[in-house]
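Report on the structure
Here are the chains, one letter per residue:
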Amino acid sequence: AKATNRGRMQVFEPWMLGRHTLLLSLQTDLQDAARLEQLTLQYQPVVSLTDDTVRGVEALVRWQHPEHGQISPGEFIALAEGTGMIREIDLWVLRRSCRAMLPLVQAGRLAKLSVNFSPRHFDQPGLPEQIAAILSETGFPHHALVVEITEGVFMRRHRLANVMLRELLRQGVGVAVDDFGTGYSSLSYVQRLPLSDIKVDRSFVAAAAQYPGIIRSIVDLALGLDMTVVAEGVETPEQLEVVRALGCDYAQGYLLSRPLLGPDLIAWLDARDAA
Ligand code: C2E
Ligand code: CA
Ligand code: CA
Ligand code: CA
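Calculation criteria
Residues numbered from 1 in each chain as written. Chains lettered and ligands numbered in written order. Predicted model: local features only at pLDDT ≥ 70, side-chain atom pairs only at ≥ 80, totals over all residues. Heavy atoms only, no water. Donors = N, O, S within 2.8 Å, 3.2 Å for Na, K, Ca; no water. Helix = DSSP H or I, 4+ residues; strand = E, 2+ residues; numbered from the N terminus. Near = heavy atom within 4 Å. Polar contact = N/O pair within 3.5 Å; in protein donor to acceptor, adjacent residues only side chain to side chain. Areas by Shrake-Rupley, 256 points an atom, 1.4 Å probe, with all protein chains shown as cover. Nonpolar A, V, L, I, M, F, W, Y, C, P; charged D, E, K, R; others polar.

The protein goes by GGDEF domain-containing protein in an unreviewed UniProt entry, where it is assigned to Deinococcus aerophilus.

This is the structure:
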């Protein structure tokens, strides 16, 4: 038995009562979390595999619950997707991270800010307009934003998703396919849309030394389509060398840096500049 993405239980058993009650109360708490400043952001650097420069950062949301402590995004994103709250959260993340990263972009210290958008945004029209409004409100440049989506977007409502993604690309916003290779869709959509980045899931990075063929074929595909390849979840120097040798463009992972709070990101950038 497991929780569905609506937070309902498929099979109810007494031992689940505690967890079920927790999930229900968390769902209510989440409504207030952004307003009450319980949500915070961390930024994980993305580094070039060709010249070691910092390309940019990915914004990752954190929830510090007053009673339950840090709740991992893996847990509360699923809850928020169930209620539709995720749309508000993602737009809050966009507004917050644009404001926080704008000075670094203007100073030429970061070229790209990546923000995750749940497949739930593609169930209805409006996302490109909502993003454009936040970019103009914050003064953040379109070309410095990358919207990260998972392959799941192409499964549901793919015609609407195509229209919206094309509109974002037309505005100069980049679109990255996140966790590439973990979905069960065919690769045909990447050939039909002028997407900007492919993010290779960390499961392939972890297996790259033994099974380099998967990343090699992703790099081949990306070369033909003029897409940038980012290797995710790089944890060891060996993995870094393998993804570099296989032709990935950028890397992200604990080896380079954990996700950092804003001030720590600036300190990290300063330390690199000084080195
Ligand atoms: P993701 O988009 O694939 O983000 C990368 C995740 O991998 C992050 O986990 C990051 O902390 C973790 N990570 C980075 N480097 C390494 C590494 O070297 N090793 C390992 N083991 N992990 C690494 P996090 O922050 O827990 O986020 C988990 C997922 O939650 C994200 O996966 C994304 O799907 C979702 N998420 C996070 N923030 C947001 C958001 O603002 N909106 C939406 N819709 N989803 C979000
Ligand atoms: Ca992501
Ligand atoms: Ca990912
Ligand atoms: Ca992931």
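Tetrahedral metal sites with four donors have an ideal angle of 109.5 degrees; octahedral sites with six donors have ideal angles of 90 or 180 degrees. Every protein donor of the calcium ion (ligand 4) is listed here as Asp179 (OD) and Asp179 (OD), and their distances to the metal cover 2.9 Å. Between the calcium ion (ligand 4) and the calcium ion (ligand 3) the interatomic distance comes to 3.6 Å, and Asp179 is a ligand of both metals. Relative to the helices and strands, Asp179 resides in strand β6 (residues 174-180).

The subject of this paragraph is the site of ligand 1. Taken together, 22 residues sit near ligand 1, with Arg62, Asp90, Asp178, Glu235 and Tyr254 positioned nearest. In this structure, an oxygen atom belonging to ligand 1 sits 2.9 Å away from a side-chain N or O atom of Asp178. Protein contact buries 82% of the 800 Å² of open area that ligand 1 shows by itself. In terms of residue count, the dominant contributor to the shell around ligand 1 is strand β2 (residues 54-65) (four residues). For the shell around ligand 1, the class distribution of residues is nine nonpolar, five polar and eight charged.

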